[in-house]
Structure formats: C-alpha cells, structure tokens
Amino acid sequence: MSETLSRGQQLEGFLKRVPIVQTLGMRCDIKGDDMTTVLPFQDKLIGNFTIKALHGGAIGTFLEMTAMAQLFLVSDVERPARTINITVDYLRQGKAEDLYGRARVIKLGRRMASVTAEAWQSERDKPVAALNGHFLLNRSGEQNS
Amino acid sequence: MDESTSSLDKRIELMRQHMDGMTQVVPWARETGFKVTRVERGQVWGVQPFAEHLVGDVDAQVIHGGAITTLLDNLSGMACAASLEEFRFVATLDLRIDYMRPADSGRDIIGEAECYHVTKSVAFTRAWAYHESRDKVIATAQGAFAINKPRPKASLGVPE
C-alpha cells in the first residue's frame, strides 16, 4: 500500500486529486526530498490585464500549496497539514510568464511546522513573492506504539 | 463638501453601479467566482460561493485557503480604492492571513475588508472571512498596499 510508495509519489498522487491544484494548473518536479513547483502561465491567472500582471491571490495560493507540498514531502504525516497563518510579501509584479516556487521547512515540530517559500520567474535572484507560514501537522490518524 | 470629497463619493457611487464589472475584468476573480456585494467609504464586502473546483481538502470538501487569500486580497485592494481621495492604482505589499477555523463544506464565504489608514504612499487594511458574522470568523487578514503614482495615460494604452 502506501508504504511501498515513496513520499514524492504519495505527494504527486495527492496533488492530482486536489481540485484547486488542477484549477491553477500547478505541477511539481520532485527529486527525493527536493521539489520545485511550476505554475505555467494561463490567461485566467491574471489579476490586472491593463498591465498583464498575475493576480496576488493566484500567487498566494500557489505559494501556500508549495509550502504545504514541501512540508508533506519532508514529514511523515498521513494527511496534509492545516494552515495556521501565512504572510505573503509581494516583491515584484508577476509577469505573464511561468512562475516557479520552492519552499523550505524551517522547523518541523511534532505539532507545528514553520515554512518559507519563494516564487520567481525568469531570474531566480529576483523573487516575485515570498511566503512565511505556520502549519498544524495533521497527526489525528496516527497510532503510536 | 469640498471637491476631493465629492470625487471619492463619485467613485464609490461608480463602484456600487459596477459591482459585477469589478470582478468581471479580473480573470482570476472570474475563475474563483467571487462577487462584490457592498461598497461603503473605505469598506467593501463580497462573497465567495462554494465551488468544487476550489476545494483544497478532498476528504472534508473544504475550499482551499488560497481562495480566501484571493477574496481578501482583492476586497482589501478595493477598500483602498474606496478610501483614497484621488484615484490611484494600488498593489499589495504584503498580506497576512490567520485561519481561525475551517470553512464549512458547501457554504458561501462572506468577505469584508476595510482600509483603516492611508499615508502618502501606503494604505493599511484589515479583512475578515466568515459564514454568518464576524463573531464566528473563518480567517482574518491584515494588509499593506503601495499606492502607485499616477501613471501617464499613454502607458495604459489610453490616448491622451
């Protein structure tokens, strides 16, 4: 069963079933515990079309999903974590191009985790947005021996 | 009533007349399907109807927090527009969202945003998401928006 699947395979299988991930058109590239998420550009992601900028809500959703996915990848919980809070800094205008994301779990506790994530486009050193978030690990189904 | 006040009042009246249009011109808002329902000076209300394509928790069938980010970000920006004496474009600098409780499956989410302070270059906002009232809130948000300098019309593709 799930024991035979790697954490990355479990994550990929999970993301395929999440409607908001499909609505965004978000993908992820997983190598072991390392992951880059991709948000291929689509017109529907635009927030302001006079300047063809991505919607802050779409960027925020993508970053929150990226953080949750990375947390799932490096933890051993059965179910995805629940968001306690997030802060998104909007650093540059998101252009009408693909957006990439990476997250890092700063602290993985028993009940809570702290995660940061960053999104960028053509240049890795010029992030479009950055997220800081706290998540509640979903261990309700766990059975301790 | 001085002229700048009436210019804001006119804009608020215009926003009220075009509540549907304000989200229709935003592709991502069209995708999530939220609507603006009320505009007052410095305050904007909206509703995010439950929608299966926005679900983030498959087991509980609950809308993903990202849809609340979208709703509260957009309403907060509109609250800035409903409080600035002169029309300016605003851009989100940062937005913090705290989740108090999960949304119920199948229910609409009401959003409420207010712009509570404006400086020369920054507008500060608070927002709430709930089913019934602010007494039982799903999420709260706190934002800061950069107030852009007026753009030359030509840069927007509008002839002078």
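Residues numbered from 1 in each chain as written. Chains lettered and ligands numbered in written order. Predicted model: local features only at pLDDT ≥ 70, side-chain atom pairs only at ≥ 80, totals over all residues. Heavy atoms only, no water.

(A) Summary view of the overall build of chain B. Summing up its helical and strand segments, chain B has four helices and eight strands in all. Helices and strands appear in chain B in the N-to-C order α-α-α-β-β-β-β-α-β-β-β-β. Relative to the 2.2 N^0.38 estimate, which gives 15 Å for 160 residues, the radius of gyration of chain B is 16 Å and therefore close to what a compact globule would have. Its C-alpha atoms put chain B at 55 × 30 × 25 Å along the principal axes. Contacts in chain B between residues far apart in sequence, at least 24 positions, make up 60% of those at least 6 positions apart. Approximately 7800 Å² of chain B is accessible, and the part contributed by carbon and sulfur atoms is 52%. (Helix = DSSP H or I, 4+ residues; strand = E, 2+ residues; numbered from the N terminus. Rg over C-alpha atoms; globule rule 2.2 N^0.38 Å. Contact = heavy atoms within 4.5 Å. Areas by Shrake-Rupley, 256 points an atom, 1.4 Å probe, with all protein chains shown as cover.)

(B) Structural context of the overall build of chain A. Looking only at helices and strands, chain A features three helices and eight strands. Along chain A, helices (α) and strands (β) appear in the sequence α-α-β-β-β-β-α-β-β-β-β when read from the amino end. For 145 residues, the compact-globule estimate of 2.2 N^0.38 gives 15 Å, and chain A sits close to it at 15 Å. C-alpha extents for chain A along the principal axes are approximately 60 × 25 × 25 Å.

(C) Structural detail: the packing of aromatic side chains. Within the structure shown, the criterion is met by three aromatic pairs over all chains. An angle of 40° between the planes, with centres 5.9 Å apart, marks the rings of A:Tyr100 and A:Trp120 as tilted. Taken together, the residues A:Tyr100 in strand S6 (residues 99–108) and A:Trp120 in strand S7 (residues 112–120) connect sequence positions 20 residues apart. Judged by relative accessible area, which is 29%, A:Tyr100 ranks as partly exposed. A cation over an aromatic ring shows up here: A:Arg124 above the ring of A:Trp120, its NZ or CZ 3.9 Å from the ring centre. Across the ring face of B:Trp128, the terminal group of B:Arg134 is positioned such that the distance to the ring centre comes to 3.7 Å. (Phe/Tyr/Trp six-rings, centres within 6.5 Å; stacked < 30°, edge-to-face > 60°. Buried < 20%, exposed > 50% of the residue type's maximum accessible area, 1.4 Å probe, protein only. Lys NZ or Arg CZ within 6 Å of the ring centre and 35° of its normal.)

(D) Quick peek at the pairing of strand S8 (residues 137–147) of chain B. Residues and elements named next belong to chain B. Where burial is concerned, most of S8 is hidden: ten out of the eleven residues are buried. Of the pairings in the sheet, the one linking strand S5 (residues 90–99) to S8 comprises nine bridges and is antiparallel in character. Bridge pairing in S8 places Leu-95 opposite Gly-143. The turn linking strand S7 (residues 122–130) back onto S8 is made up of six residues. (Pairing = 2+ DSSP bridges.)

(E) How the structure looks around the pattern of salt bridges. What the rule picks out here adds up to 18 salt bridges over all chains. With a closest N to O distance of 3.7 Å, A:Lys126 and A:Glu123 form a salt bridge. Look at A:Lys126 and you get partly exposed, because its relative accessible area is 40%. With its nearest N and O atoms 2.8 Å apart, the salt bridge here joins B:Glu132 to B:Arg107. Separated by 25 residues along the polypeptide, B:Glu132 in the loop between S7 and S8 and B:Arg107 in the loop between S5 and strand S6 (109–118) bring together distant segments of the chain. Three or more residues are tied together by salt bridges with common partners; here these are B:Glu13, B:Arg16, B:Arg38 and B:Glu40. (Salt bridge = Lys/Arg side-chain N within 4 Å of Asp/Glu carboxyl O.)

(F) Region of interest: the pairing of strand S1 (residues 35–40) of chain B. Taken together, the five bridges between S1(B) and strand S2 (residues 43–48) of chain B define a ladder with antiparallel strand orientation. Looking at S2(B), one finds that B:Glu40 is bridged to B:Gln43.

(G) The arrangement of the environment of A:Glu118 in detail. All names here are of chain A. Assignment of secondary structure puts Glu-118 in strand S7. Given the relative accessible area of 30%, Glu-118 is considered partly exposed. Each C-alpha atom, one on Glu-118 and one on Ala-129, is 5.9 Å from the other, the two residues being eleven residues apart in sequence. When near neighbours in sequence (up to four residues on either side) are disregarded, Glu-118 contacts Leu-63, Tyr-100, Gly-101, Arg-102, Arg-124, Pro-127, Ala-129 and Ala-130.

(H) Highlighting the sheet that holds S7(A). Sheet architecture is open: twelve strands sit in the order S1(A)-S2(A)-S6(A)-S7(A)-S8(A)-S5(A)-S5(B)-S8(B)-S7(B)-S6(B)-S2(B)-S1(B), paired in antiparallel fashion. Of all strands in the sheet, those bounded by a partner on one side alone are strand S1 (27–31) of chain A together with S1 of chain B. Geometrically, the sheet is characterised by an average inter-axis angle of 25° between neighbouring strands, direction not taken into account. Pairing of S6(B) with S7(B), which is carried by eight bridges, proceeds in the antiparallel orientation. Residue pairing across strands places B:Cys115 opposite B:Thr125, the latter belonging to S7(B). Lying on the sheet, helix H1 (residues 7–16) of chain A is in contact with S1, strand S2 (34–39) and strand S5 (79–90) of chain A; it crosses S1(A) at an angle near 175°. (Axes fitted to C-alpha atoms, helices over the stretch in contact; angles between N-to-C directions.)

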